[in-house]
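# Commentary on secondary and tertiary structure
Chain residues, written in single-letter form:
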Amino acid sequence: MRFLIIRKADTSTEAGVAPTEELIAAMGRYNEEMVKAGVMLSGDGLQPTSKGARVKFSGGQPRVIDGPFTEAKELVAGFSILQVNSKEEAIEWVKRWPQIDGGGEVEIEIRQLYELEDFGPSEAIDRMREVGFAKPR
Amino acid sequence: MRFMLLVKADKDSEAGVMPDEKMLADMGKYNDEMVKAGVMLAGEGLQPSSKGARVRFSGGKRTVLDGPFAEAKELVAGFWLIQVKSKDEAIEWVKRVPFPGEAEIEIRQVFESEDFGPEFTPELRAQEERQRAQIAAQRR
């Protein structure tokens, strides 16, 4: 099963504060362990919401709102995708997150991804499988 | 440049209501267009937060909180990762998402290695490139 690991934003990430060499190195070591264990599928960081936007649909009509957005603790600052055997295993990996990130104050959300098998049979799902969605490992 | 398109959760996604066949077909068509245009890198749906957890780090302590989490509108229900030439192009794609009725999608630019300064040393850059190559090889 796959999990999306969401590193929540904080005032530093929203201010676009660049990570120190020490933090980049610590994240590199952490990722290295996950890559070696074959659990890491991807990982990326997001620019502050000041460079983003939101599109709100109401009655099917889109409305664009430019960032920044204020509720920092509810925003996403980065993510990775892990392939593990259980939620507990995902939690164990997350507990090993580098301590120096966010000055030790960080919140990380762990969310299970849908797999194509979670959906009933349909042409649309067959088509997604064809184009390479949720490639099984 | 790459953008992450975050689909916000709502009551239905948090209740684990599965999309009907029409919705799946509409999304399939939309994804097909993005794949054909060479824009789409990934797209996934998230199970309700009731199947998830949060780990809070504070002063060296780790606290695990099991889901569900209450603030549905701030939660993520799915995402796309796309490769486009500008934020405006990302917005144009998002405007065409075939969601009927009410929905909110957040558009966020993804950091590329060239966005970092000298703190991202040549050694660390090489390590990351090697890791990405290793992941790609594992997935093949």
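It should be emphasised that the depicted structure is a prediction, and the values quoted were computed from it without experimental measurement.

Moving on, we come to the interface of chain B and chain A. On the chain A side, the residues contacting the 59 residues of chain B number 63 residues. Counting only elements with at least two residues in the side of chain B that touches chain A, the list comes to strand 1 (2-8), helix 2 (21-36), strand 2 (40-45), strand 3 (53-58), strand 4 (61-66), helix 3 (87-95), strand 6 (103-109) and helix 4 (122-139) of chain B. The class makeup of the residues in the side of chain B that touches chain A is 25 nonpolar, 17 polar and 17 charged. With five bridges joining them, strand 6 (residues 106-112) of chain A and strand 3 of chain B adopt antiparallel strand pairing. Bridge pairing in strand 3 of chain B links E109(A) to R54(B).

Right, let's get into the sheet that holds strand 4 of chain B. Read across the open sheet, the six strands follow the order 2(A)-5(A)-1(A)-6(A)-3(B)-4(B); overall the sheet is antiparallel. Strands with a single pairing partner mark the edges of an open sheet, and in this sheet they are strand 2 (40-45) of chain A together with strand 4 of chain B. Adjacent strand axes in the sheet meet at a mean angle of 15° when their direction is disregarded. Pairing analysis gives seven bridges linking strand 1 (residues 2-8) of chain A to strand 5 (residues 76-83) of chain A, with the strands arranged antiparallel. Within strand 5 of chain A, the residue paired with F3(A) across the bridge is L82(A).

In the predicted model, chain A carries a mean pLDDT of 92, and 95% of its residues have values of at least 70. Least confident of the elements in chain A is helix 4 (residues 123-130) of chain A, whose mean pLDDT is 78; most confident is strand 1 of chain A, at 98.

We now examine the pairing of strand 4 of chain B. A small share of strand 4 of chain B lies buried, amounting to zero of its six residues. The turn joining strand 3 of chain B and strand 4 of chain B, which pair antiparallel and follow one another in sequence, is formed by two residues; a positive phi near 50° is taken by G59(B).

Here we take up the nonpolar core. Of all hydrophobic cores here, the largest spans 50 residues; its most connected members are I5(A), V76(A), L82(A), I110(A), L5(B), V76(B) and I107(B). Non-local contacts of I107(B), meaning those with residues more than four positions away in its chain, are made with G52(A), A53(A), R54(A), V55(A), F3(B), L5(B), K87(B), A90(B), I91(B) and V94(B).

The rules we used
Residues numbered from 1 in each chain as written. Chains lettered and ligands numbered in written order. Predicted model: local features only at pLDDT ≥ 70, side-chain atom pairs only at ≥ 80, totals over all residues. Contact = placed C-beta atoms within 7 Å. Helix = DSSP H or I, 4+ residues; strand = E, 2+ residues; numbered from the N terminus. Nonpolar A, V, L, I, M, F, W, Y, C, P; charged D, E, K, R; others polar. Pairing = 2+ DSSP bridges. Axes fitted to C-alpha atoms, helices over the stretch in contact; angles between N-to-C directions. pLDDT = per-residue confidence, 0-100. Buried ≥ 20, exposed ≤ 12 C-beta atoms within 10 Å, placed from the backbone. Core = buried A, V, L, I, M, F, W, Y, C linked by C-beta atoms within 7 Å.

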